[in-house]
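# Coordinate inspection notes
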Amino acid sequence: MWVLKLGGSWLKNRKLNDLLQRLILYNDSDIILVVGGGIFADAVRLSQKFLKFDDKFANYLAIKATENYAESINSIFPEIKLTKKLNELKKKDGLKIWLPGETLKNERTFIKNWDSTSDSIACWLGKKISAKGVIFVKSLNFETNQKYNLRDLQKRGILDENISNYTNKNTCLKIVGPEIVIKLRKFDNISNYFTKLKRIEL
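Being a predicted model, the structure only gives us computed values, none of them experimental. (Residues numbered from 1 in each chain as written. Predicted model: local features only at pLDDT ≥ 70, side-chain atom pairs only at ≥ 80, totals over all residues. Heavy atoms only, no water.)

## Re the environment of Leu61
Convention followed: Helix and strand assignments come from DSSP, with helices taken as H or I runs of at least 4 residues and strands as E runs of at least 2, each series counted from the N terminus.
Here Leu61 lies in helix H3 (residues 55–76). Measuring from C-alpha to C-alpha, the distance between Leu61 and Gly101 comes to 8.9 Å, with 40 residues separating the pair along the chain.

## Notes on the state of the cysteines
Here, the word disulfide means a covalent bond between the sulfur atoms of two cysteines. What counts, and what does not: For the purposes of this analysis, a disulfide is any pair of cysteine sulfur atoms at a distance within 2.5 Å. Residue exposure (1.4 Å probe, protein chains only): buried if accessible area is under 20% of the type maximum, exposed if over 50%, otherwise partly exposed.
Counted under the stated rule, the structure contains zero disulfides. The thiol sulfur of Cys123 is not disulfide-bonded, and the nearest other cysteine sulfur, from Cys172, lies at 11 Å. Note on Cys172: relative accessible area 8%, which makes it buried.

## A look at the nonpolar core
What counts here: Residues belong to one nonpolar core when they are buried, are Ala, Val, Leu, Ile, Met, Phe, Trp, Tyr or Cys, and are joined through side-chain atoms within 4.5 Å. Residue contacts follow a heavy-atom distance rule, with two residues in contact if any of their heavy atoms lie within 4.5 Å.
Grouped together as the largest cluster of nonpolar side chains are 33 residues, with contacts concentrated most on Leu6, Trp10, Leu19, Ile73 and Ile180. Sorting the residues of this core by element identifies strand S1 (2–6), helix H1 (16–24), strand S2 (31–35), H3, strand S5 (133–137), helix H7 (180–184) and helix H8 (190–196) as the ones contributing at least two each. At five residues, H1 tops the list of elements feeding residues into this core. With near-sequence residues (within four places) excluded, Ile180 lies in contact with Trp10, Leu19, Val137 and Tyr193. Ile32, Ala122, Ile163 and Ile175 belong to the second-largest nonpolar core, a separate cluster that totals 29 residues.

Bear in mind that shape data such as this cannot, by itself, settle questions of function.
See below:
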């Protein structure tokens, strides 16, 4: 099973519907979607600026923001199911988006501050369910042959700072950009495509 983390910035990407339609075609594959908060999370940041609530509560609201994104996707593509329960994720009954709010609200192993974005949520989930790996789908283009280093990606603000708390030397992390939409057209088996992506060096 792969955890596919879809960045919040994809909310404004014209290729979002195309990507989701492609992923639906692989509904018998082992893919769990985790989505970012995007503009919904931006609203939390702005609210905190004026209301001055603490980072723990801001993190709670930001996690709820990811669920706003997920519910928006579900309203357009009802065949993409929403689930809160970890034990439902391994059922092969269609493409799912995990809603993390209920599980992570009182989860002590998950760090609750702004350094824990949906990147960390995806890695926490990947570790929890023993996924094959986590694929980060970002808005930047990663269609090169260069190697990617986790610390460098964190310094550039592409991945969040707390990921390292949910990974170890054997964790498989990969990253891809909008080119995924075109690439998926060439693969009957999405796992074959994920396998070909270069791993992020930890």
